[in-house]
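# Structure at a glance
Given next are the chains, with one letter for each unit.
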Amino acid sequence: MLSESDIRALAIQRQQLHTPWSGDLPSLIRHLGALQLDAIQRIARAHHHQLYNRLPGYREKQLKQAERNREIFEYWSHAAAYLPMAHYRYARVRMNRIRDGQKHWFEKNARLCRYVLDRVRVEGALKASDFVRAKGGWWDWSDEKKALEQLFHEGELMVSHREGFQKVFDLPERLLPSRIRTDAASDLDYGRHLVRSFLRCQGAGRIEEIAYLRKHDRPMIGKAVEAMLKSGELLPLGRELFLAEDEVAEPAKPPRRVRLLSPFDPLLLQRKRLKRLFDFDYQLECYLPAHRRRYGYFGLPILYGERFAGVVDLKADRESGILRIEALHWSRRPGPGLQASFERALRQFARFHGLVSEAEVAAV
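Residues numbered from 1 in each chain as written. Predicted model: local features only at pLDDT ≥ 70, side-chain atom pairs only at ≥ 80, totals over all residues. Heavy atoms only, no water.

### Let's talk about the overall build of the protein chain
A count of helical and extended segments in the protein chain gives 14 helices and 13 strands. In terms of overall dimensions, the protein chain is globule-like: its C-alpha atoms have a radius of gyration of 22 Å, near the 21 Å expected for 364 residues. Based on the C-alpha atoms only, the size of the protein chain along its principal axes is roughly 65 × 60 × 40 Å. In the protein chain, buried positions account for 55% of the 364 residues. By sequence separation, contacts in the protein chain at least 24 residues apart represent 63% of the contacts at least 6 residues apart. Accessible surface computed for the protein chain: about 17,600 Å², of which carbon and sulfur atoms make up 49%. Taken together, the 63 basic and 47 acidic charged side chains of the protein chain have centroids lying 1 Å from each other. (Helix = DSSP H or I, 4+ residues; strand = E, 2+ residues; numbered from the N terminus. Rg over C-alpha atoms; globule rule 2.2 N^0.38 Å. Buried < 20%, exposed > 50% of the residue type's maximum accessible area, 1.4 Å probe, protein only. Contact = heavy atoms within 4.5 Å. Areas by Shrake-Rupley, 256 points an atom, 1.4 Å probe, with all protein chains shown as cover. Lys, Arg positive; Asp, Glu negative; His and termini not counted. Charge placed at Lys NZ, Arg CZ, Asp CG, Glu CD.)

Right under this line is the structure:
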């Protein structure tokens with residue numbers, strides 16, 4: 001029987017935060033199920049930060065290479081994300097729903113979609129700025145950009161790669177490897193995939209957590225949970241669900257080592273779950289007015305062992321080459337072990353970004 005401490009330890013263990021991933025980058029993304037993308041670059045983009053914390057010696061070119069090799073592709077999970085190419089048929093479920101009329105962000109302009117798709121078919125890969133008219137730009141969400149995004153969500157177009165942070169779109173038949181199944185998974189298979197993906201990388205969870213930000217997937221998840229409980233593939237522990245193969249697993253106690261997490265890290269994604277499991281009340285505050293912030297513009301949670309020890313607001317000062325501490329909030333006064341581990345984590349994090357930590361500069 002798993003205790004609360006076991007569930008916390010299992011979640012951290014499955015997140016590969018204290019135990020470096022022994023495989024390659026594509027296999028890590030398969031394990032996590034998705035790698036969330038984000039445009040904010042206060043220090044580095046969220047996807048690079050998440051990989052840095054899990055993949056020894058990670059460099060940004062590795063992610064680009066995995067995309068070029070078509071081992072991963074960009075689509076929508078709970079948000080914009082890189083997904084394993086082997087999971088394309090699960091993404092087709094949502095693509096088909098959007099194509100059949102499920103609204104995503106805006107109303108479809110069918111005529112403009114045909115025009116945009118024809119241009120990509122004839123001219124090859126294009127980005128939104130290739131459709132810019134005399135007025136406005138791609139960042140203005142022109143009608144053509146909306147059409148590109150609609151076709152992307154429908155699966156009529158895929159993202160080949162990004163230039164800067166602009167998506168470059170092309171036809172799926174030019175990008176999908178021949179080995180990949182392109183038929184949509186059945187509702188039950190899709191539901192089982194979502195359940196297993198969540199529990200594989202989170203250890204345990206509740207049905208509402210598995211269905212987080214997946215309103216349209218909730219019925220399929222519910223039916224999959226029913227079937228998996230009946231078959232013995234899932235086991236309940238109160239309201240928690242976990243995979244049967246984890247029943248005999250005794251998670252190792254996390255080492256007392258600091259990890260500075262991205263605000264978009266999968267361990268932090270669900271704030272209610274975070275509060276429930278770790279008693280950690282956290283919110284990314286860059287979207288809040290300055291006077292309402294507790295931790296700062298871009299506070300990074302400080303994970304120490306199996307607990308969160310505080311939040312540090314960091315900023316990359318590229319001009320001076322320094323990773324600056326804008327604010328530091330401890331849950332309680334740190335002991336020497338935590339302090340030393342925190343300073344070591346800061347130095348390593350700064351070096352990854354080609355910077356020097358402010359604390360290191362002050363010590364000289």
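### Brief notes about the sheet that holds strand E5 (residues 158-163)
Taken in spatial order, the three strands line up as E4-E6-E5 in an open sheet, and their pairing is antiparallel. This sheet does not close on itself; its edge strands, each paired only once, are strand E4 (126-127) and E5. Pairing geometry for E4 and strand E6 (residues 166-170), over two bridges, is antiparallel. Bridged to Leu126 within E6 is Phe169. Strands in contact with helix H7 (residues 143-154) are E4, E5 and E6; relative to E6, the strand with the most contacts, it is inclined by about 60 degrees. (Pairing = 2+ DSSP bridges. Axes fitted to C-alpha atoms, helices over the stretch in contact; angles between N-to-C directions.)

### A word on the nonpolar core
One finds Leu260, Leu267, Phe308 and Leu314 to be the most contacted residues of the largest nonpolar core, which totals 45 residues. Those elements giving two or more residues to this core turn out to be helix H1 (4-14), strand E9 (258-260), helix H12 (271-278), strand E10 (299-304), strand E11 (307-317) and helix H13 (336-352). Look past the residues within four positions of Leu267 in its chain and what remains in contact with it is Ala11, Ile12, Gln15, Leu17, Gln202, Leu261, Leu274, Phe278, Leu303 and Phe308. Core analysis: the second largest hydrophobic core is formed by 29 residues, Met95, Val116, Leu148 and Phe169 among them. (Core = buried A, V, L, I, M, F, W, Y, C linked by side-chain atoms within 4.5 Å.)

### Some remarks on the layout of surface pockets
Rolled over the atoms, a probe as big as a water molecule pinpoints where empty space is left. As a volume, the largest pocket reaches approximately 820 Å³. Contributing to the lining of the largest pocket are 40 residues, with Ser77, His78, Leu194, Tyr212 and Arg214 lying nearest its centre. Of all the elements in the fold, those that place two or more residues in the lining of the largest pocket are strand E3 (80-84), helix H5 (88-99), helix H9 (187-202) and helix H10 (207-210). Taken together, the residues of the lining of the largest pocket sort by class into 19 nonpolar, 13 polar and eight charged. For the second largest pocket, the calculated volume is near 500 Å³. For the second largest pocket, the lining is made up of 23 residues, of which Arg307, Phe308, Ala309, Ser331 and Arg332 are closest to its centre. Among the secondary structure elements, those contributing two or more residues to the lining of the second largest pocket are E11 and strand E12 (322-330). Tallying contributions element by element places E11 first for the lining of the second largest pocket, with five residues. (1 Å grid on protein atoms, 1.4 Å probe; cavity = no way out; pocket = protein on both sides within 12 Å on 5 of 7 lines; lining within 4 Å. Points joined across faces, edges and corners; volume = space filled by probe spheres on them. Nonpolar A, V, L, I, M, F, W, Y, C, P; charged D, E, K, R; others polar.)

### Notes on the pattern of salt bridges
Summed over all chains, the structure comprises 31 salt bridges. A salt bridge links Arg89 to Asp183; the nearest nitrogen and oxygen atoms lie 3.6 Å apart. With Arg89 in helix H5 and Asp183 in the loop between helix H8 (172-175) and H9, this pair connects stretches of sequence that are 94 residues apart. The class of Arg89 is buried, set by a relative accessible area of 12%. The partly exposed category is assigned to Asp183, whose relative accessible area is 35%. The shortest N-O distance in the salt bridge between Glu358 and Arg324 comes to 3.3 Å. Highlighted residues: Glu358 in helix H14 (residues 358-363) and Arg324 in strand E12, separated in sequence by 34 residues. (Salt bridge = Lys/Arg side-chain N within 4 Å of Asp/Glu carboxyl O.)

### Observations regarding helix H4 (residues 60-68)
For H4, the set of buried residues is Leu63, Ala66 and Glu67. Projected down its long axis, H4 carries its buried residues within an arc of 100 degrees, all on one side. Exposed residues pointing more than 90 degrees away from the buried face of H4 are listed as Lys61, Lys64 and Arg68. Close packing links the buried residues of H4 with helix H2 (25-32), strand E1 (35-36), helix H3 (46-52), strand E2 (72-76), E3 and E5. (Arc of directions from axis to C-beta.)

### Regarding the sheet that holds E1
Reading across the sheet, the three strands line up as E1-E3-E2 and stay open at both edges, with antiparallel pairing between neighbours. With one partner strand each, in any of the chains shown, E1 and E2 form the two edges of the open sheet. One ladder, built from five bridges, connects E2 with E3; its direction is antiparallel. Within the sheet, the bridge partner assigned to Ile72 lies in E3 and is Pro84.

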